[in-house]
Each structure stands twice: as structure tokens, then as C-alpha cells.
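So you can see what is in the structure, the chains are spelled out below.
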Amino acid sequence: IKFSLSSCFSADAKLLEEAVVPLAKTLIQNNSRSGNFAALVRVFLGRTKELKISTECQDQLFIWQAHNALFLVRCLLKVFIREMSEEDLHLQFSYQARAPGTYESNSGDLLEELICNLVHLIVEVPLLDITYNILFEAVTTLLVLLSYQLFQKEILREGLVYRCLTRGRCLSLTSRLVKTLLYNFIRQEKCPPPAHIFTPQADGGGLLYGLASGVASGLWSVFTLGGAGSKSGVDQEQNPLPLSNQSLLLLLVLANLPDGLDCPNPYKQAVTCFKNTQDTSSIPSPQPHTFQINFNSLYTALCEQQRSDQATLLLYTLLHQNPNMKTYMLSRTDVENLVMPILEILYHVEERNSHHVYMALIILLILTEDDTFNRSIHEVILKNINWYTERALTEISLGSLLILVVIRTIQFNMTRTRDKYLHTNCLAALANMSAQFRCLHQYAAQRIISVLSYHQKVLESQNVIEEVIRMLLEIINSCLSNSLHHNPNLVYALLYKRELFEQFRSHPSFQDIIEMGLRPSFFSLSLTLSRDVKMYIYTKFPELKFKYVEEDQPEDFFIPYVWSLVFNSGVGLYWNSQGIELFSMDSP
């Protein structure tokens, strides 16, 4: 197969797929007699035993031969999985060469042997220039083996590959695999140029060596010149990170496997309980599959990579499921490095798919559950926010910017998608912050009132708007009752629009909060009365606090979402959309 060095990888993956399909189908027909596929797998397995030593000895030829065998195995597996059931796939591993008129089947489980060797390879072989490609192939092959889910509408809770990874010999390597995949994501290593991967010796090396060099250079030039065609917005052509991307996708697939009928998902357990390398506690963790990782490095990588769906999904997963990582992130003094990329995702809502927007918004909701976070964001002052184009913001607090972006998301939702779920989460985040609003920027204060005014105009045509207006009034009330002295800009904005609140006084859904909390007489006195006097004319409503809770059976949402990311962003992977059952092709 000839690859064009100037073409992008996703196009080449399609050409490769189309070329391999007839070869694979021929192999399927003849494999029961020839046993060629199993023989190819054994060639690869035979070489994996020496990979670590070959790496130490810089034996590039040996590594490339192992890579090429695995590359062919992966390409064939991908077609097999689309064409046959797992049981039939298992048979392809068991056939051996036989004489005419005889039949022989290997009793050993070659499929499990392959899976275990792939996991061992990933966790044992160090990441160097000469091992980059084979590590990438190992990660990609595991993704391919798990891709049966793509061709099923129902969530798969059992299966040969599933059992091998969650209950077989691989189980003891769970924490090491998760840790290695995380470090691959953290390191963000670019694929090395061909010259650094395989350099032919001056005195030759035989025909096999020359062929291996040619294949390596051709395939790897595709990586360095191209990249995965992805909807995530990551500029892979400028910064190709195939191993990092693929490792993150595999980690998300593994962490979102459903619990088995008789055992929990060990990879999810590992993701939820790992600790910081700086945690010197001698108390053993009651959780299985725990390990330690450098939280600072992970935090930095998460901050830098939020432009992609998969990095945002990883951040959500860690915030929601790993209390150690959540505590660490909330304790950082540079929280703006984490929040700003999330705000930029929401700001460019028109360019993002709905799932990416949901994940970004839920991350904000989880962060705003913490009062310390809500106070600290108003202490961080930002200058010249270039991506915010509605108005020049030469100086603004992170808290005020967060309010502006969330309100903009509400406005966009009202005029375009009208998604109640999105609206509810936006308002919940604002409500969580409201008691700690401090020194709101003048524009942020104006936007709070303007979004209320907008909803008032459409109140008569949509009943659901009543809930939205009620929540906005309670958010304003919460701010005034907890931090009136700290928000003069909001008070001025309220006074300027006092006639708007007069219109709400006669509405039965808002009468109590207007009369008891936001009545105009309070506005006119609020700047001069002392705190003690205000308590007599002002009713404080119950504290507004919302907590994010996953819905029942979250796998029904997350498994299709994760596999849609693999489908769209997997490096060097192409699936024909025909036959994909897990999600509709217009999904994110």
C-alpha cells in the first residue's frame, strides 16, 4: 500500500481500510485450513518477550519487525470485528495449519495471550523515540479489540475481550495500565520524525531490514505531516500527539466500561481512587487498584488540553469521581488556568458539539459547589481577554467573566437550541455562586439584569420561562442578602431597571420574592441603611445550593459519547459509518 506523505492520516486510514478488507475476507475463508492469522499473532507474541531487552540494546530492527507484525494484526482484527461475532473471532485465533482432510484446533487461548501481551507491552516498555510507534500500535489494537461496542445498540456488559481485561490475567495490571495511559497523556510527546525512529545502517542490513525501514518511514511520515481528522478543534497538523490522544481514548473507554454482572469495573475503580505522589500517608487505601501519580503534572496537562472533547471528559471524570484529585484542583492558587479554557469552550458554543458544551458546563457546576472556589474567583483579576469580543474587557475578575460567559450561554440557548437541561445547569452554577458575588464588573451586573429582562419579554408565550425568571430573581436576592455592600454595580443596575421588577409584583409566581426581598423601597434605601436596619425590611430566602448528580445508568450516555470520540478522533482509525449502531452519525 502506497501512502502519500503529504496527505492527512485520516484519509490514509480510509485507503488502508479499503485495501485490507478484501485481504481480510480472503484470509477468513482460508484461515480454518491455513491458520495464517494465528501464525501471524504468534510471530508478534514471540517478539514481545524480547522487546524490553531490544529497547535497552537499541535494536531498532527487532522492534520494527514486532511493530509490523502487530500493525498487520490490528488491521486484520479491525475487519474481523466488523464481519463476525466474538465467538467466530475467537475461532480465528484457534485455527492452525493442517493437512487436507484433517482438522486441528489449538486448545490454548491465543486471544487472551494477545490481550495480556499488549497490556504488558504498554506498561513495561519505556516510551522512547524507537518505541513510540509500537506503543501506539499496542494502545490502538486494544481500542480495536474493544470496538465491538460500535456495532451494537445495546451496552455490552459481557464478552471475551471484556472478561480478559476485567477478570482475566490482565486484572493484576489494572492500576499500572491506567497509570501508564495517564502518563502518556501527561507527557504529550510528539511522534518522532522518521530519522529518529529507524535509521538504516550504512553497510545495509538485508532485504527485510530495507523493507521494514521503508514501511516505517512511509507510515510515520503520515503521523508527522498529518493528524487525526477530529471535530474537537485540536490542531493536529501543528501538534500531532498520536500516542497521547490514543492513550486518553483508551483510558476513557476502559473507565466507562459497565460493571460486570458479578464484579465492578476495575479501571473505573483505579480512576476514582489514585492519589498524589506527594501524599505520604501511611494509611492503606481500602480501594483496590490504587496507585500514585504526580497531580501537578496531571493538572497542568488538563489545563493545556481542554480544547479537545476527550480532555474535557477526563477532567469531568476526575472532578466527579476522584475525591483526591478534586480536592487538589480546588486547592490550587492558579485556578484560572483550569477555568479559562472551560469558559472559552462555552464562549464558542456555536462551534462546539452539544456534548462538549454539557461537559464544560457540568465542570463549572461541580466547581461552584465549593464556596472557597466561589470566593477565590472574584479575587483573580484578568486583563485583556482577547477571545471575548462582545465588549473590550481590559480588566475583570475571573468571577465576573464566568458570570458573563454563563449568561451568554443562557442567551444562546434561548435563541437557538432551547434545551431545558442546559438552561437548568447554567442557572444552577450562577445560583451556587450568588452568595459569594463580590465586586461585580459593571458589565456583568448589567448582563444579569438584561437576561432577566429578556426572559420577561417571552414570559407570556412559554410557561417554562416562569421557572427561569424565578431562579434569576432568587439569584439576585441571594447576592443582595449575602453581599450587598460588595456589589454596588449590581445595585445601580437594579435601580436603573426598577420598573422591570414592578411588572413582576402582580405575577403570582414572583410576588413573594418581589415583596419580601426585592421590593423597590429597599433599593432606594440600600446604599444608606446599616446592616442591622436592613434585616428588618429584608427577608432572606433559603440558601441557593445545587449539587450535580449523575442520572441513573450514566453508561447509556457516556459509552456512546466516548465511542463517538474514538470514531471521530482516533488517530489512524477509520470506520465505515454503515453498520455503526451505537450512536447516530449526526451525534457529536
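Bear in mind the structure is a predicted one, so any value in this text is a computation, not a measurement. (Residues numbered from 1 in each chain as written. Predicted model: local features only at pLDDT ≥ 70, side-chain atom pairs only at ≥ 80, totals over all residues. Heavy atoms only, no water.)

Enquirer: Quick question: what am I supposed to make of the overall build of the protein chain here?
Expert: Helix and strand content of the protein chain: 29 helices and 4 strands. Within the span of the protein chain, comprising 588 residues, buried residues form 57% of the whole. Once local pairs closer than 6 in sequence are excluded, the contacts in the protein chain between residues at least 24 apart make up 73%. Carbon and sulfur atoms make up 52% of the accessible area of the protein chain, which totals about 25000 Å². (Helix = DSSP H or I, 4+ residues; strand = E, 2+ residues; numbered from the N terminus. Buried < 20%, exposed > 50% of the residue type's maximum accessible area, 1.4 Å probe, protein only. Contact = heavy atoms within 4.5 Å. Areas by Shrake-Rupley, 256 points an atom, 1.4 Å probe, with all protein chains shown as cover.)

Enquirer: So what exactly am I meant to see when it comes to the environment of L128 here?
Expert: Here L128 lies in the loop between helix 6 (110-124) and helix 7 (132-145). For the pair L128 and E189, spaced 61 residues apart in sequence, the C-alpha to C-alpha distance is 9.6 Å.

Enquirer: Help me understand the nonpolar core, please; the structure alone is not making it clear to me.
Expert: In summary, soluble globular proteins display a tendency toward joint burial of nonpolar side chains. Residues L343, Y388, L401, F501 and W563 are the most contacted members of the largest nonpolar core, which totals 196 residues. It is helix 4 (residues 60-83) that contributes the most residues to this core, 13 residues altogether. (Core = buried A, V, L, I, M, F, W, Y, C linked by side-chain atoms within 4.5 Å.)

Enquirer: Looking at this structure, I do not really get helix 4. What am I missing?
Expert: Since the α-helix advances by 3.6 residues per turn, residues separated by three or four positions end up pointing in the same direction. The terminal C-alpha atoms of helix 4, which comprises 24 residues, lie 35 Å apart, in line with the 34 Å expected from a rise of 1.5 Å per residue. With 19 of 24 residues buried, helix 4 is to be regarded as a mostly interior element. (Expected span 1.5 Å × (residues − 1).)

Enquirer: It is not clear to me how the packing of aromatic side chains should be interpreted in this structure. Could you clarify?
Expert: One pair of aromatic rings is described through two measures. These are the centre distance and the angle between the planes. A complete count under the given rule lists 16 aromatic pairs for this structure. An angle of 70° between the planes, with centres 5.0 Å apart, marks the rings of F37 and F80 as edge-to-face. Here F80 lies in helix 4 and F37 lies in helix 2 (residues 36-48), a separation of 43 residues in the sequence. With respect to burial, F37 and F80 carry one shared label: buried. With centroids separated by 4.9 Å and ring planes inclined at 90°, the aromatic side chains of F557 and F558 adopt a geometry described as edge-to-face. It is R47 that lies over the ring of F62; its NZ or CZ is 4.9 Å from the centre. (Phe/Tyr/Trp six-rings, centres within 6.5 Å; stacked < 30°, edge-to-face > 60°. Lys NZ or Arg CZ within 6 Å of the ring centre and 35° of its normal.)

Enquirer: Would you take a moment to explain the side chain of S478 for this structure?
Expert: Here S478 lies in helix 23 (residues 464-483). Those residues within four positions of S478 in sequence are excluded, and the remaining contacts are S434, A435 and L544.

Enquirer: How do you make sense of the packing of helix 20 (residues 398-415) against helix 21 (residues 420-434) when you look at a structure like this?
Expert: Working note: a packed helix pair is described by the angle between its axes plus the distance between those axes. Here helix 20 crosses helix 21 at 155°, and the two axes come no closer than 10 Å. Classified by the angle their axes make, helix 20 and helix 21 are roughly antiparallel. Where helix 20 crosses over helix 21, the handedness of that crossing is left-handed. Contacts between helix 20 and helix 21 pair L402, I403, V406, I407, T409, I410, N413 and M414 from the former with L422, H423, C426, L427, L430 and M433 from the latter. Residues that form the contact of helix 20 with helix 21 fall into these classes: 11 nonpolar, 3 polar and no charged. (Axes fitted to C-alpha atoms, helices over the stretch in contact; angles between N-to-C directions. Parallel < 35°, antiparallel > 145°, perpendicular 65-115°, else oblique. Left-handed = near helix turned anticlockwise from the far one by under 90°. Nonpolar A, V, L, I, M, F, W, Y, C, P; charged D, E, K, R; others polar.)

Enquirer: How should I be thinking about the confidence of the model for the protein chain in this particular structure?
Expert: Regions with low pLDDT should not have their predicted coordinates read in detail. Scored by pLDDT, the protein chain has a mean of 82; 82% of the residues are at 70 or more. Taken together, the stretch residues 195-239 has pLDDT below 50 and engages in 91 contacts with residues farther than four places along the chain or on a different chain. (pLDDT = per-residue confidence, 0-100.)

Enquirer: Explanation requested: the pattern of salt bridges in the structure shown.
Expert: Pairing of side chains with opposite charge becomes possible as their charged atoms draw close. Applying the stated criterion across every chain, the model contains 19 salt bridges. Here E124 and R176 are joined by a salt bridge, their closest N and O atoms 3.2 Å apart. Of this pair, E124 sits in helix 6 while R176 is found in helix 9 (residues 174-187), placing the two residues 52 residues apart along the sequence. The exposure class of E124 is partly exposed, given its relative accessible area of 28%. Under the relative-accessibility criterion, R176 is labelled partly exposed at 36%. As a salt-bridge pair, D334 and R332 come within 2.9 Å of each other at their nearest N and O atoms. Considered together, D334 and R332 belong to a single accessibility category, that of buried residues. (Salt bridge = Lys/Arg side-chain N within 4 Å of Asp/Glu carboxyl O.)

Enquirer: Sorry if this is basic, but what is going on with helix 18 (residues 354-367) here?
Expert: If you check helix 18, its first and last C-alpha atoms are 20 Å apart, about what 14 residues at 1.5 Å a residue would give, namely 20 Å. Where burial is concerned, most of helix 18 is hidden: 13 out of the 14 residues are buried. The residue sitting at the N-terminus of helix 18 and contributing the capping side-chain oxygen is N353; that oxygen lies 3.0 Å from the backbone nitrogen of H355. (Polar contact = N/O pair within 3.5 Å; in protein donor to acceptor, adjacent residues only side chain to side chain.)

Enquirer: Would you mind showing me how to read unusual backbone geometry here?
Expert: Peptide bonds are trans in most cases, and residues, glycine excluded, mostly fall at negative phi. Notably, H289 is not glycine yet its phi reads approximately 65°, a positive angle. The topology assignment puts H289 in the loop between strand 1 (275-276) and strand 2 (292-293). The phi torsion at Q553 lies on the positive side, around 55°, for a residue other than glycine. Take Q553: it is sitting in the loop between helix 28 (531-537) and helix 29 (555-569).

Enquirer: So what exactly am I meant to see when it comes to the environment of Q321 here?
Expert: Mapping Q321 onto the fold places it in helix 15 (residues 309-321). With 53 residues separating them along the chain, Q321 and K268 place their C-alpha atoms 8.8 Å apart.

Enquirer: Can you help me understand the environment of K153 in this one?
Expert: Counting through the fold element by element, K153 comes out in the loop between helix 7 and helix 8 (160-166). Since its relative accessible area comes to 61%, K153 is described here as exposed. K153 sits 407 residues away from P560 along the chain, and the two C-alpha atoms are 9.1 Å apart. The residues touching K153, leaving out its near neighbours within four places in the chain, are E581 and L582.

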